[in-house]
Every structure is written in C-alpha cells, then in structure tokens.
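# Tertiary structure, described
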Amino acid sequence: AGVADRRASPLEPGTARFLARWEPRAFWEFTRGRKSMSVGCRRAGPGTGPARRLYCKGAAEGVLERCGTVLLSDGAVVPLTGARRAMVAAALERLCTSELALRTLALAYRPLPEPGPAPGPGEDADAAGRRVESGLTLAGFVGIRDPVRPEVLPAVRTCADAGVRVLVI
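Report on the accompanying structure. Not measured: the values here are computed from a predicted model.

Thresholds, definitions, all that
- Residues numbered from 1 in each chain as written.
- Predicted model: local features only at pLDDT ≥ 70, side-chain atom pairs only at ≥ 80, totals over all residues.
- Heavy atoms only, no water.
- Pairing = 2+ DSSP bridges.
- Helix = DSSP H or I, 4+ residues; strand = E, 2+ residues; numbered from the N terminus.
- Core = buried A, V, L, I, M, F, W, Y, C linked by side-chain atoms within 4.5 Å.
- Buried < 20%, exposed > 50% of the residue type's maximum accessible area, 1.4 Å probe, protein only.
- Contact = heavy atoms within 4.5 Å.
- Phe/Tyr/Trp six-rings, centres within 6.5 Å; stacked < 30°, edge-to-face > 60°.
- Axes fitted to C-alpha atoms, helices over the stretch in contact; angles between N-to-C directions.
- Salt bridge = Lys/Arg side-chain N within 4 Å of Asp/Glu carboxyl O.

## Concerning the pairing of strand S7 (residues 136–144)
Alignment of strand S4 (residues 67–71) against S7, held across three bridges, turns out to be parallel. What sits directly across from Val70, in S7, is Leu138. Where strand S6 (residues 103–111) and S7 come together, seven bridges link them in antiparallel fashion. In the sheet register, Ala106 faces S7, and the bridge partner there is Phe141.

This is the structure:
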C-alpha cells in the first residue's frame, strides 16, 4: 500500500490528494527550541516546479521570522516586506488577544535542493531544523482553540501553595 493508503481515510479527501502528489521522505521533529516541525516531501509523479519540497508548521512568531516571502490568495509569491510582515503580525495578535484567545500556528514551505539537506557534522536537532527551515514562504496561519482543562486551575493553585512558579500551561 502507498503512503496515501496508509495515512488518509475516506474522511480526509484533501490529505489523500496531497499524499497522492507529495510523498513524505524526511522529518524534522518538533523541538522546544525551534517550536516547529517539518516534513521533506518528494513529488510522487510528473509535475512542474521543484521535485522536493519542505513543509513546516509551528509557533507563528518563530516560523514567521524564518519566512522571506508570502503566498497571496491569488497564488502569487511576493517578498514578505516590513509592511506585509507587520500586517501578518497584527492579524496574529488579534487572534491571540481577542476573547477567543486562540493558539496560532503558521504554515510555510520551500523547495528543497536535490538530494535534500544533510545534517552538518555534530549538528544538533535545533541547528539542523533551523537551517532547513530557513528561506520559507508563508502559506498562512491557523488559530486553534485550546481551552484549559478543568483540573488545571486546582493543580496550579497546589503548585503556588508549594512555592512552585508555573510559567506555561
């Protein structure tokens, strides 16, 4: 069975179409240092454009820093100028600070050289990931509602009572 057969269900037609065109070949796992993860894909059949592509997702502010271009709604890819970067940052800020308080993820991509990036000698996962996740094209971002579970507040109170400072929930 092909990758599309193993990973996509009938409920995920977009995923099945994507996997029919792009075969995942390499993974750069999420790290807390980068706050992102990527997958390197090879085109599964004939087509135009690069034969290899990197797809990246992660914390919006970190991925945005690594983007030099942006994909517009008409399909054009243009430089991510200071003004465009400020517009994206403002839109992200609205999602995070509104009453919705959404967690945001950025989605980006770039062509990969043949045969693909190899890790440098002694290179750690963060350094290798940052190197491969550079020169990205911002494709968009999503807001995820991630409510705090009911048991979290009592646990944070218990930590505070014990003198433990909670930084991230």
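## Description of the nonpolar core
One broad rule of soluble globular proteins: the nonpolar side chains tend to lie buried together. Ranked by size, the top nonpolar core spans 18 residues in total, and within it Leu54, Val63, Leu64, Cys67, Leu136 and Leu138 carry the most contacts. Listing elements by their share of this core, those giving two or more residues are strand S3 (52–59), helix H3 (60–65), S4, helix H4 (82–97), S6 and S7. Broken down by element, the residue count for this core peaks at three residues, all from H3. Aside from chain neighbours lying at most four places away, what touches Val63 is Ser36, Cys56, Lys57, Gly58, Ala106, Ala108 and Leu136.

## Focus: the packing of aromatic side chains
All told, the structure shown has one aromatic pair when counted by the stated rule. Measuring from ring centre to ring centre gives 6.2 Å for Trp22 and Tyr55, while their planes differ by 75 degrees; the resulting arrangement is edge-to-face. One end of the pair, Trp22, is in strand S1 (residues 22–31); the other, Tyr55, is in strand S3, and 33 residues separate them in sequence. On the basis of relative accessible area, Trp22 is assigned to the buried category, the value being 7%.

## Topic: the pairing of strand S2 (residues 36–43)
With respect to burial, S2 is a largely interior element, six of its eight residues being buried. Examined bridge by bridge, S1 and S2 share seven bridges and lie antiparallel to one another. Counted as the bridge partner of Phe27 is Val39 from S2. Following S1, the chain reverses through four residues before pairing antiparallel with S2; Lys35 in that reversal takes a positive phi of roughly 60 degrees.

## Considering unusual backbone geometry
The backbone of Lys35 sits at a positive phi, close to 60 degrees, despite the residue not being glycine. Inspection of the secondary structure puts Lys35 in the loop between S1 and S2.

## Section: the sheet that holds S4
The mixed open sheet is built from seven strands, whose spatial order is S1-S2-S3-S6-S7-S4-S5. The sheet is open, and its two borders are formed by S1 and strand S5 (77–79), each paired with just one other strand. Each strand of the sheet is rotated relative to its neighbour by a mean of 30 degrees, with strand direction disregarded. Running over the sheet, helix H2 (residues 13–21) touches S1, S2 and S3 and is turned about 110 degrees from S1. Helix H5 (residues 125–132) contacts S1, S3 and S6 of the sheet and is inclined by roughly 130 degrees relative to S1.

## A look at the pattern of salt bridges
Summed over all chains, the structure comprises five salt bridges. Residue Glu23 is joined to Arg25 by a salt bridge in which the shortest nitrogen-to-oxygen separation is 3.0 Å. You can call Glu23 partly exposed: its relative accessible area is 23%. We classify Arg25 as partly exposed; its relative accessible area is 46%. The partner of Arg42 in a salt bridge is Glu23, and the shortest N-O contact between them spans 3.4 Å. Here Glu23 lies in strand S1 and Arg42 lies in strand S2, a separation of 19 residues in the sequence. On the basis of relative accessible area, Arg42 is assigned to the partly exposed category, the value being 30%.

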